[in-house]
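Next come the chains, spelled out residue by residue.
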Amino acid sequence: MVNLENKVCIVTGGASGIGAQTAIQFAEAGGKVVIGDINDEPGEALAAQIGANSAYLHFDVSDPEACARAVTFAVETFGSVDCVLNSAVRMAPGALRDLSLQDWNRLIEVGLTGSFLMTQAAGRWMIDNGRTGSIVNVSSLGGRHPYGMAGAYSTVKAAVIMLARHFAIEWAEYGIRVNTVCPGHVETPLTVYMQDPVIKQGRADVTPLKRVGQPNDIANCIMFLFSEESSYVTAATLDIDGGVSSSIMNHMPGRKWD
Ligand SMILES: NC(=O)c1ccc[n+]([C@@H]2O[C@H](COP(=O)([O-])OP(=O)(O)OC[C@H]3O[C@@H](n4cnc5c(N)ncnc54)[C@H](O)[C@@H]3O)[C@@H](O)[C@H]2O)c1
């Protein structure tokens, strides 16, 4: 297990799924974690479950003042901000042809602008206080490939990869690393449809490692990116998808010679 003693992390979208699992593992690794979300009940319950090394804070990542407050809260509560996970997301399924401007804007505000604002707020504090850090954006398989009927989500997820690479280059001189993870099919409240065994099995079948992912599959890699073991890794984009994004040729009729 990586050692994150004395490290403080802000996790956006931390009340659920991949964010929640990352919060749990960050505290297990000896760190302290601010769980940020707009869904208060599970966020508070998770903070209570983790104990004294965590605190819940209601904040909406699309609000610049709220992101700045989250940094102040982390510093006042636990002494610093060393790591950030940008996991908060909003989804609006459907064809782009039918997507309302309101839904388009909200997806961008939460997924893209939220990642920008939270990273900017934390990085400003790190730079002003002479601290290094590690920030991770959560993109998606859908950020690598067009995700049918989720075009706005897919566009946001592609953009957060480039956003991380830009911050990484801009802040490398300060020792602030910024990376991106691209999960594949992961069982969380966001993917509640995977509770259907047929869908879950179908997704496992098209995945070379023959199973769908669990939140800890993603959190394990995020812990590495937060740790000193990845101190030479920045501007990287890591697919964590059981190989599914590299297996497209396996799914072409007539392409198997077995
Ligand atoms: N589950 C998957 O299969 C999968 C696959 C690829 C990528 N991802 C990405 O992983 C990340 C986490 O997804 P998840 O599956 O854990 O989802 P989830 O729905 O379990 O958690 C998302 C959390 O974000 C919070 N949130 C929404 N709007 C917010 C806002 N404005 N401010 C703060 N918090 C807000 C929600 O309340 C929720 O707790 C997302 O960025 C998602 O796109 C998930």
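Nothing here was measured: the structure is a model prediction, and the numbers come from that model.

A.B. asks: Just checking my understanding: could you explain the overall build of the chain for this structure?
C.D. replies: Of regular secondary structure, the chain possesses 8 helices and 7 strands. Taken along its principal axes, the extent of the C-alpha atoms in the chain is 60 × 40 × 35 Å. Looking at the chain as a whole, 49% of its 258 residues are labelled buried. When contacts within the chain are restricted to residue pairs at least 6 apart in sequence, those whose partners lie at least 24 apart make up 67%.

A.B. asks: Looking at this structure, I do not really get unusual backbone geometry. What am I missing?
C.D. replies: Across residues other than glycine, the phi torsion is negative in most instances, and most of the peptide bonds are trans. Even without glycine at this site, Asn-6 takes up a positive phi of about 70°. Turning to its location among the elements, Asn-6 is positioned in the segment before strand E1 (8–12). By relative accessible area, Asn-6 is classed as exposed at 63%. Here the phi dihedral of Lys-210 falls at roughly 60°; this positive angle occurs in a residue that is not glycine. Residue placement: Lys-210 occurs in the loop between helix H7 (197–205) and helix H8 (215–226).

A.B. asks: So what exactly am I meant to see when it comes to the sheet that holds strand E3 (residues 54–58) here?
C.D. replies: Paired through their backbone hydrogen bonds, the strands of a sheet run either parallel or antiparallel. Ordered by their spatial adjacency, 7 strands build an open sheet running E3-E2-E1-E4-E5-E6-E7, and the pairing between neighbours is parallel. Strands at the two margins of the open sheet, each flanked by one partner only, are E3 and strand E7 (237–240). The mean angle between the axes of side-by-side strands here comes to 20°, regardless of whether they run parallel or antiparallel. Pairing geometry for E1 and strand E4 (residues 83–86), over 4 bridges, is parallel. Following the sheet pairing, Val-11 is matched in E4 by Leu-85. Helix H4 (residues 101–128) contacts E1, E4, strand E5 (133–138) and strand E6 (176–183) of the sheet and is inclined by roughly 175° relative to E4.

A.B. asks: Mind showing me how you'd approach the layout of surface pockets here?
C.D. replies: Over the atoms, a rolled probe matching the size of one water molecule traces out where space is still vacant. Looking at the largest pocket, its volume works out to about 920 Å³. Ser-87, Val-89, Tyr-153, Thr-188 and Leu-190 are, among the 40 residues lining the largest pocket, the residues nearest its centre. When residues of the lining of the largest pocket are traced back to their parent elements, those giving at least two are helix H1 (17–28), strand E2 (32–37), H4, helix H5 (141–144) and helix H6 (151–171). The element that contributes the greatest number of residues to the lining of the largest pocket is H1, accounting for 3 residues. In this structure, the second largest pocket encloses a volume near 220 Å³. Together, 15 residues line the second largest pocket, and Thr-132, Gly-133, Gly-175, Arg-177 and Glu-228 are the ones closest to its centre. When contributions to the lining of the second largest pocket are tallied by element, the ones reaching two or more residues are E5 and E6. Looking at the lining of the second largest pocket, its residues break down into 4 nonpolar, 6 polar and 5 charged.

The rules behind each value
- Residues numbered from 1 in each chain as written.
- Predicted model: local features only at pLDDT ≥ 70, side-chain atom pairs only at ≥ 80, totals over all residues.
- Heavy atoms only, no water.
- Helix = DSSP H or I, 4+ residues; strand = E, 2+ residues; numbered from the N terminus.
- Buried < 20%, exposed > 50% of the residue type's maximum accessible area, 1.4 Å probe, protein only.
- Contact = heavy atoms within 4.5 Å.
- Pairing = 2+ DSSP bridges.
- Axes fitted to C-alpha atoms, helices over the stretch in contact; angles between N-to-C directions.
- 1 Å grid on protein atoms, 1.4 Å probe; cavity = no way out; pocket = protein on both sides within 12 Å on 5 of 7 lines; lining within 4 Å.
- Points joined across faces, edges and corners; volume = space filled by probe spheres on them.
- Nonpolar A, V, L, I, M, F, W, Y, C, P; charged D, E, K, R; others polar.

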